[in-house]
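Observations on the three-dimensional arrangement
These are the residues of each chain, in order.
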Amino acid sequence: MNTTPSTELDFDSIKANIIAFMKSDPTFTDYNFEGSSLSTLINILAYNTHTMAFLASAGHSERFLDTAQKRASVVSKAKELGYTPKSVSCSSAYVNIVSVGATGAVTIPRGTVFSSSNENGAYEFVAVETVTSVQSGADQAFNSVRLVEGVRIENTFTVNTTSNVRSMFTIPNKNVDTTTLKVYVRNPNDISSRTEYRLAENVYDLVSSANVYFIQESFEGYYQIYFGGNVIGKQPANADIIDIDYFISTSFDAPNGCALFGFDGAIGNGSYVTIATSQVAVGGSVRETLDSIKINAIKSNSAKERTVSVSDYELALHENFNFIKSSSVWGGEDNIPPVYGKVFISLQPVSGYTISTSVKKDVITPVLRKYSVMSIIPEFVDPEYTFLSFNTRVKFNISKSTSSQSTMEYAVKSEVANYINSISKFNADYLESTLLTNIVNADSGIVSADITKKLGFKVSPIFGKETTFSKYTNNAIVPGSISSTLFNILHDGEYTTVSINEVPGKSLSVKTVSGGIEVIDTLGLYTKTGELLKEIGTVNLVTGKFDLTFSIASYLTGSRFVLISFETVSPDIITNRNQILAIDTIVADIAIGRLENNVVTTEIYAK
């Protein structure tokens, strides 16, 4: 009798293989395999084989990081690579606080409660660290104070090497934000003093006497702390008391976006408190997902806790700062002009357009220094936002749609806004064919679509002072398409309303080193009647580089910027380095000649 190895996992296939095997035995010649008794036995054999095959396959899959499905397996494999999954994150904000009229240094203790709210409700934020003020004129100031939304929790453990041989201590709350964790060790006979242990972030420079702790996620999903066993860190003695202090999130991402913070009372002997927000609340989230752990564990292992390559810097930024949406990093050798010995970093916040100088200096830079190679100096560059405006023309067949014309137009506007929001980050290009496909699929009645768009950037000259701007838009420009919103300048002692346009007949063709030809146009200030008042700079129509120098006497509305816009030669828009595409959400403003954005024009198609 022959035996046939089976690799089937499907129940019916396994059953068919068993029947085929039994038919090969002369004992079962002309036997009715559909009979109730034998069919039941075959079903049991097939079920048992199916179950064992599934368990073997699942067990094998759980042994590898890329195929594991259970969180415990993924966490275990990540641990082998030296990676600890991110915990729940409390929504976090940075504020600058001034105690007005206070004299002498004062402190804000850890756990001090502040209040805030957004459209989701009211929340309590607490200070993560005890901070001491610095003198600021006649006041006391606290710079870049981190506040998190959550509740403060304290737990106490006793070291008992009999019942807890490995001295592994489990934090009894899965919603702990481990970035807020404090660990203290004290002698039971001396309750007045205790030693703070810091998180061990780099084992390479640890000694046996270092006051450090380690953290890991357990098989059950709780975080555990442990110590270095007097080899790579000081081990607490038997009967020592361990105090841990941390914050747990109560609302996850709901408090994100809180921007105004209040404090009930005074700090020190000050008369009142002022609070200026340098970074609105962001980053509230659940614990790290399985897919994220799989990706970041490998990246973290390759970085080896240092920043050398571009991806090393990006990983360090995203691991440590939950208020960063995206980042762009490039070496000084790739900068224009080259600056050797530096790395340039541009950061896009989760909320708003830029990250404040104080947060970059006081919060981000100290962390990067821990990872940086000694001779490399990081330098921050603010993102360059390039704004898009749209006029979408669609042909609409009402008989093929269940939607009204207005509903269809709203769906098209939503598709445009959603697509731009999805690519509004570093290193993301605008591909017109993708957006057109999304628009046509937005409603069954849309027969075709066509997009007319403009690209633009905003500048804010200093009042009464010639201000120079160099802007790299990185896309070829259609000649004659450049224009700007209206603003006032002083001309012959009078306020004159002007806009920026190209000067006809002032183009210059320049041969590049590589043998190509670039076209340089001149830009000037024009009155409403079309009179050229002065030339203010040039634009390279091939590279999209603007060089402008002009001043302003006043803006015409509360929008304190000048928008310069143009059409691009290519339907697609390519971004570079610190450039980010965004949809301009400001409504039409007739006073400055600004039209409505994201307009849909409909042509009824009856065929």
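In this text, all values refer to a predicted model and were calculated from it rather than measured experimentally. (Residues numbered from 1 in each chain as written. Predicted model: local features only at pLDDT ≥ 70, side-chain atom pairs only at ≥ 80, totals over all residues. Heavy atoms only, no water.)

**So, the overall build of the protein**
Assigned secondary structure in the protein consists of 8 helices and 32 strands. Here the protein has a C-alpha radius of gyration of 32 Å; the compact-globule value for 607 residues is 25 Å, and the former is much larger. With the C-alpha coordinates aligned to their principal axes, the bounding extent of the protein is approximately 105 × 85 × 55 Å. Relative to its full complement of 607 residues, the protein shows a buried share of 43%. The long-range fraction of contacts in the protein, counting pairs at least 24 apart against all pairs at least 6 apart in sequence, stands at 68%. Roughly 31,000 Å² of accessible area belongs to the protein as shown, and the carbon and sulfur atoms make up 53% of that amount. Here the protein contributes 48 positive and 60 negative side-chain charges, whose respective centroids are spaced 3 Å apart. (Helix = DSSP H or I, 4+ residues; strand = E, 2+ residues; numbered from the N terminus. Rg over C-alpha atoms; globule rule 2.2 N^0.38 Å. Buried < 20%, exposed > 50% of the residue type's maximum accessible area, 1.4 Å probe, protein only. Contact = heavy atoms within 4.5 Å. Areas by Shrake-Rupley, 256 points an atom, 1.4 Å probe, with all protein chains shown as cover. Lys, Arg positive; Asp, Glu negative; His and termini not counted. Charge placed at Lys NZ, Arg CZ, Asp CG, Glu CD.)

**Focus: the nonpolar core**
By size, the foremost hydrophobic cluster in this structure holds 44 residues, and its most contacted members are Phe390, Tyr430, Ile482, Phe487, Ile500, Phe546 and Ile564. Once residues lying within four places of it in the same chain are set aside, the contact partners of Ile500 are Ile482, Ser483, Ser484, Phe487, Leu523, Gly524, Leu525, Ile536, Phe550, Val562 and Ile564. Membership of the second largest hydrophobic core comes to 20 residues, among which are Tyr94, Tyr313, Val359 and Tyr371. (Core = buried A, V, L, I, M, F, W, Y, C linked by side-chain atoms within 4.5 Å.)

**Topic: the layout of surface pockets**
Counted as a void, the second largest pocket has a volume near 470 Å³. What lines the second largest pocket is a set of 25 residues, and nearest its centre among them are Ser389, Lys454, Ser565, Gly593 and Leu595. Considering only residue class, the lining of the second largest pocket consists of 9 nonpolar, 10 polar and 6 charged. (1 Å grid on protein atoms, 1.4 Å probe; cavity = no way out; pocket = protein on both sides within 12 Å on 5 of 7 lines; lining within 4 Å. Points joined across faces, edges and corners; volume = space filled by probe spheres on them. Nonpolar A, V, L, I, M, F, W, Y, C, P; charged D, E, K, R; others polar.)

**Structural notes on the sheet that holds strand E19 (residues 377-380)**
A sheet is described by the order of its strands in space; here 3 strands give the open sequence E17-E18-E19, paired in mixed fashion. Each having just a single partner strand, strand E17 (324-331) and E19 make up the two edges of the open sheet. Averaged over neighbouring strand pairs, the angle between their axes works out to 30 degrees when direction is ignored. Bridge count between E17 and strand E18 (residues 342-349): 7 bridges; the pairing is antiparallel. Bridge pairing links Trp330 to Phe344 in E18. The strands that helix H5 (residues 310-320) touches are E17 and E18; relative to E17, the one it contacts most, it runs at about 155 degrees. (Pairing = 2+ DSSP bridges. Axes fitted to C-alpha atoms, helices over the stretch in contact; angles between N-to-C directions.)

**Quick word on the packing of aromatic side chains**
By the definition in use, this model includes 17 aromatic pairs. Their ring planes at 45 degrees and their centres at 5.6 Å tell us that Phe157 and Phe169 sit as a pair that is tilted. Here Phe169 lies in strand E9 (residues 169-170) and Phe157 lies in strand E8 (residues 151-158), a separation of 12 residues in the sequence. Phe169 carries the same exposure label as Phe157, and that label is buried. An angle of 80 degrees between the planes, with centres 6.2 Å apart, marks the rings of Tyr353 and Phe387 as edge-to-face. Remark: Phe387 occurs in strand E20 (residues 384-396) and Tyr353 occurs in the loop between E18 and helix H6 (357-371); sequence separation between them is 34 residues. Grouping aromatic residues by their ring pairs yields a cluster made of Phe157, Phe169, Tyr197 and Phe227. For Lys458, the ring lying beneath its charged end belongs to Phe387, and the centroid distance is 4.3 Å. (Phe/Tyr/Trp six-rings, centres within 6.5 Å; stacked < 30°, edge-to-face > 60°. Lys NZ or Arg CZ within 6 Å of the ring centre and 35° of its normal.)

**Comments concerning the packing of helix H7 (residues 405-422) against helix H8 (residues 432-440)**
Across the interface, H7 lies against H8 with an axial gap of 9 Å and an inter-helix angle of 150 degrees. For the pair H7 and H8, the sense of crossing is right-handed. Listed contacts from H8 to Val412, Glu415, Val416 and Tyr419 of H7 are Thr434, Leu435, Asn438 and Ile439. Counted by class, the contact of H7 with H8 contains 5 nonpolar, 2 polar and 1 charged residues. (Left-handed = near helix turned anticlockwise from the far one by under 90°.)

**What about the confidence of the model for the protein?**
Taken as a whole, the protein shows an average pLDDT of 88; of its residues, 95% reach a score of 70 or greater. Least confident of the elements in the protein is helix H2 (residues 36-61), whose mean pLDDT is 74; most confident is strand E28 (residues 532-540), at 96. (pLDDT = per-residue confidence, 0-100.)

**Section: the sheet that holds E9**
What the 7 strands build is an open sheet, ordered E8-E14-E10-E11-E12-E13-E9; its pairing is mixed. Both edges of this open sheet fall to E8 and E9, since each of them pairs with a single strand only. Note: strand E10 (residues 176-186) against strand E11 (residues 195-199), 3 bridges, orientation antiparallel. Along E11, the bridge assignment pairs Tyr184 with Glu196.

**Digging into the environment of Asn301**
The topology assignment puts Asn301 in helix H4 (residues 290-303). For Asn301, a relative accessible area of 26% translates into the label partly exposed. In this structure the C-alpha to C-alpha distance between Asn301 and Ile564, which are 263 residues apart in sequence, comes to 45 Å.

**Thoughts on a nonpolar patch on the surface**
On the surface, Met52, Phe54 and Leu55 cluster together into a nonpolar patch covering about 340 Å² of accessible area. Mapped onto the fold, Leu55 is located in helix H2. Take Leu55: its relative accessible area is 51%, and that puts it in the exposed class. (Patch = residues over 30% accessible without salt bridge, like charges linked within 9 Å, V, L, I, M, F, W, Y side chains within 5 Å. Salt bridge = Lys/Arg side-chain N within 4 Å of Asp/Glu carboxyl O.)

**Overview of empty space enclosed by the protein**
Going through the model one piece at a time under the given rule, you end up with 2 cavities of 30 Å³ or more. Here the largest cavity defines a volume of roughly 40 Å³. Together, Glu384, Thr386, Phe457, Lys471, Tyr472 and Thr473 line the largest cavity. Those elements giving two or more residues to the lining of the largest cavity turn out to be E20 and strand E22 (467-472). A class-by-class count of the residues in the lining of the largest cavity yields 2 nonpolar, 2 polar and 2 charged. Roughly 40 Å³ of volume is contained in the second largest cavity. What lines the second largest cavity is simply Ile345, Ser346, Leu347, Ile355, Lys360, Phe380, Val381, Asp382 and Pro383. Looking at which element gives the most residues to the lining of the second largest cavity, the answer is E18, with 3 residues. Grouping the constituent residues of the lining of the second largest cavity by class yields 6 nonpolar, 1 polar and 2 charged.

**Observations concerning the environment of Glu518**
Note on placement: Glu518 falls in strand E27 (residues 517-527). For the pair Glu518 and Lys465, spaced 53 residues apart in the sequence, the C-alpha separation amounts to 31 Å. Among the polar contacts made by the side chain of Glu518, one reaches the side chain of Asn540 at a distance of 2.8 Å. (Polar contact = N/O pair within 3.5 Å; in protein donor to acceptor, adjacent residues only side chain to side chain.)

**A closer look at the side chain of Asp240**
Tracing the backbone through its elements, the reader meets Asp240 in the loop between strand E13 (223-226) and strand E14 (241-248). Within the structure, Asp240 has its side chain in polar contact with the backbone nitrogen of Ala237 (distance 3.0 Å). Filtering out sequence-adjacent residues up to four positions away, Asp240 remains in contact with Phe157, Thr158, Val159, Val185, Arg186, Asn187 and Pro188.

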